[in-house]
Amino acid sequence: MENKKVIFSGMQPSGSLTLGNYLGALKNWVKLQSEYDCYYCVVDMHAITVPKEPKDLRKNTLEVLANYIAAGLDPKQVTLFIQSHVSAHAELGWVLNCLTYFGELGRMTQFKDKTKRLESSSIPAGLFTYPVLMAADILLYQADLVPVGEDQRQHLEITRDIAQRFNNRYSETFKVPEAFISKDGAKIMSLQDPSSKMSKSDSHENAFIILMDDLDTIRRKLKRAVTDSEGVVRFNDDQPGVKNLINIYSKITDKTTDEIVASYEGKGYAQFKDDLAEVIIGEVRPIQERIDYLLKNKDYLQEIYSYGAEKAEAAARKTLRKVYKKVGFIPK
Ligand code: TRP
């Protein structure tokens, strides 16, 4: 346990995860759980950087946690917790805010994208300092590796800068973490527009599949998935819709894209899509059953997140205590 490398990652509580979140991130988190000392968090404090309805936030936080567990994260093996349960995140966040520059936060592309159409009078300061809270998440646990998508690379860079700055100004305190971006990284794209990432915030509801979609909905979304007029199952960039479907197939079955293409020689898209729908259903059905069970057994879920918070708290306090001492706060 002691000499395992530490992994930290988190997702925002957006309710049931998409097939993209599952195949692109969560399935990978599950693979890492026995080899690393993993902290997986539901980042509810990040969620309120944009206005959220309290009852939706509560529901979505529990749903994401249930999705984590149902997908195979073992609460005994990894530390599964809710960010707001460990107050050290906010506390370290403040200290790091004082080491982070206005200019560097202003260069964050995600911040710029999210605020493009907003007046400065309606941009929450929390949205601006979002990456600092994320740095606190990671640095509290002395994480070695942070599995994230390409879109979070810049946030990892600023985390490293802040860690190094603290270490230089005071003394060696934080492990400087590395982004862990999976190389087989075929991103799962929208089923309606294969040039954009599959996302639950897509206005087109057929563009994404969520783990909690009922089985007929999954079949329907597959039938309507955008392909092309070639009519041949081939893996190439000129057929981005079909390519995305092959990627999904491959990630679930562990078959190579070549094997899949070969097995659909002479068959059309309809057959391929029907088969893929069943492949997806085979994967998500047991997950759905577990999600269902967990959401009906809130006491059990509570046991899991309370236990997780305790474990996380112990690790986080250790780092925060050092930090407070180094900056010159008097121990109480
Ligand atoms: N910003 C991440 C996202 O939107 C979520 C996140 C918050 C996170 N804190 C983190 C991811 C710490 C990894 C590590 O995807």
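Quantities reported herein were computed from a predicted structural model and do not represent experimental measurements. (Residues numbered from 1 in each chain as written. Predicted model: local features only at pLDDT ≥ 70, side-chain atom pairs only at ≥ 80, totals over all residues. Heavy atoms only, no water.)

Side note on helix α14 (residues 298-327)
Here is step 1 of the chain: The terminal C-alpha atoms of α14, which comprises 30 residues, lie 41 Å apart, in line with the 44 Å expected from a rise of 1.5 Å per residue.
Here is step 2 of the chain: Among all positions in α14, only Leu-301, Ile-304, Tyr-305, Gly-308, Ala-309, Ala-312, Ala-316, Thr-319, Leu-320 and Val-323 are buried. (Helix = DSSP H or I, 4+ residues; strand = E, 2+ residues; numbered from the N terminus. Expected span 1.5 Å × (residues − 1). Buried < 20%, exposed > 50% of the residue type's maximum accessible area, 1.4 Å probe, protein only.)

A few points about the site of the ligand
Here is step 1 of the chain: Taken together, the residues surrounding the ligand are Phe-8, Ser-9, Gly-10, Val-43, His-46, Tyr-130, Met-134, Asp-137, Ile-138, Val-146, Val-148 and Gln-152.
Here is step 2 of the chain: Tyr-130 places a side-chain nitrogen or oxygen 2.7 Å from a nitrogen atom of the ligand.
Here is step 3 of the chain: A distance of 2.7 Å is found between a nitrogen atom of the ligand and a side-chain nitrogen or oxygen belonging to Asp-137.
Here is step 4 of the chain: Here the ligand loses 88% of its free accessible area of 360 Å² to cover by the protein chains.
Here is step 5 of the chain: Judged by the proximity of its atoms to the pocket grid, the ligand belongs to the largest pocket.
Here is step 6 of the chain: Mapped onto the shell around the ligand, the elements with two or more residues apiece are β1 (6-11) and α8 (130-140).
Here is step 7 of the chain: A total of 4 residues in the shell around the ligand trace back to one element, the largest contributor, which is α8.
Here is step 8 of the chain: Of the residues belonging to the shell around the ligand, the class tally is 7 nonpolar, 4 polar and 1 charged. (Near = heavy atom within 4 Å. Polar contact = N/O pair within 3.5 Å; in protein donor to acceptor, adjacent residues only side chain to side chain. Areas by Shrake-Rupley, 256 points an atom, 1.4 Å probe, with all protein chains shown as cover. 1 Å grid on protein atoms, 1.4 Å probe; cavity = no way out; pocket = protein on both sides within 12 Å on 5 of 7 lines; lining within 4 Å. Sits in = over half its atoms within 2 Å of the grid points. Nonpolar A, V, L, I, M, F, W, Y, C, P; charged D, E, K, R; others polar.)

Examining the nonpolar core
Here is step 1 of the chain: By size, the foremost hydrophobic cluster in this structure holds 62 residues, and its most contacted members are Leu-19, Leu-26, Tyr-40, Tyr-68, Ile-248 and Ile-280.
Here is step 2 of the chain: At 12 residues, helix α13 (residues 269-296) tops the list of elements feeding residues into this core.
Here is step 3 of the chain: Beyond its immediate stretch of four places on either side in the chain, Leu-26 contacts Met-11, Leu-17, Asn-21, Asn-67, Tyr-68, Ala-71 and Leu-73. (Core = buried A, V, L, I, M, F, W, Y, C linked by side-chain atoms within 4.5 Å. Contact = heavy atoms within 4.5 Å.)

Here's the deal with unusual backbone geometry
Here is step 1 of the chain: Located in the positive-phi region is Gln-142, a residue other than glycine, with phi close to 50°.
Here is step 2 of the chain: The residue Gln-142 is located in the loop between α8 and β4 (145-147) in this model.
Here is step 3 of the chain: In the Ramachandran plot, Asp-254 falls in the positive-phi region, its phi being about 65° despite a non-glycine side chain.
Here is step 4 of the chain: Summarising the element assignment, Asp-254 is placed in the loop between α11 (240-253) and α12 (257-263).

Side note on the packing of aromatic side chains
Here is step 1 of the chain: If you walk through the whole model with that rule in mind, you get 16 aromatic pairs.
Here is step 2 of the chain: Their ring planes at 50° and their centres at 5.0 Å tell us that Phe-102 and Phe-128 sit as a pair that is tilted. Taken together, the positions of Phe-102 in helix α5 (residues 102-106) and Phe-128 in helix α7 (residues 125-128) put the pair 26 residues apart, joining distant regions of the chain.
Here is step 3 of the chain: Among the residues examined, Phe-102 registers a relative accessible area of 68% and is labelled exposed.
Here is step 4 of the chain: Aromatic pair Tyr-264 and Phe-272: ring centres 5.0 Å apart, planes at 70°, arrangement edge-to-face.
Here is step 5 of the chain: In this structure Tyr-264 comes out as buried when scored by relative accessible area, which is 4%. (Phe/Tyr/Trp six-rings, centres within 6.5 Å; stacked < 30°, edge-to-face > 60°.)

Some points on the domain arrangement of the chain
Here is step 1 of the chain: Along its sequence, the chain is carved into domain 1 (6-186 + 298-327) and domain 2 (215-292).
Here is step 2 of the chain: If you average the C-alpha positions of domain 1 and of domain 2, the two centres end up 32 Å apart.
Here is step 3 of the chain: Across the boundary between the two partners, domain 1 contributes 10 residues, which contact 10 residues of domain 2.
Here is step 4 of the chain: Buried surface at the junction of domain 1 and domain 2, both sides included, amounts to about 960 Å², of which 65% is carbon and sulfur.
Here is step 5 of the chain: It is Leu-19, Leu-23 and Ala-70 that lose the most area in domain 1 upon contact with domain 2, and together they represent 48% of the buried surface on that side.
Here is step 6 of the chain: The tally of links from domain 1 across to domain 2 stands at 1 salt bridge.
Here is step 7 of the chain: Counting every contact that joins domain 1 to domain 2 gives 3 residue pairs in polar contact (both at pLDDT 80 or more).
Here is step 8 of the chain: Sorting the residues of the side of domain 1 that touches domain 2 by element identifies α1 (19-32) and α3 (54-70) as the ones contributing at least two each.
Here is step 9 of the chain: When residues in the side of domain 1 that touches domain 2 are grouped by element, the largest group, 4 residues, is from α1.
Here is step 10 of the chain: Of the residues belonging to the side of domain 1 that touches domain 2, the class tally is 7 nonpolar, 1 polar and 2 charged. (Domains from an automatic or database assignment. Buried area = accessible area lost by both parts, 1.4 Å probe. Salt bridge = Lys/Arg side-chain N within 4 Å of Asp/Glu carboxyl O.)

Thoughts on the pairing of strand β2 (residues 37-42)
Here is step 1 of the chain: Across the 6 residues that make up β2, a large majority, 6, are buried.
Here is step 2 of the chain: Both faces of β2 are covered, namely the face carrying Asp-37, Tyr-39 and Cys-41 and the face carrying Cys-38, Tyr-40 and Val-42.
Here is step 3 of the chain: Where β1 lies against β2, 6 bridges are found, and the strand directions are parallel. In the sheet register, Val-6 faces β2, and the bridge partner there is Asp-37.
Here is step 4 of the chain: In this region the chain leaves β1, passes through α1 and returns to the parallel neighbour β2; the handedness of that crossover is right-handed.
Here is step 5 of the chain: Of the strand pairs in this sheet, β2 and strand β3 (residues 79-82) are connected by 4 bridges, and their pairing is parallel. Paired with Tyr-40 across the bridge in β3 is Leu-80. (Pairing = 2+ DSSP bridges. Right-handed = clockwise from strand over helix to strand, strands pointing away.)

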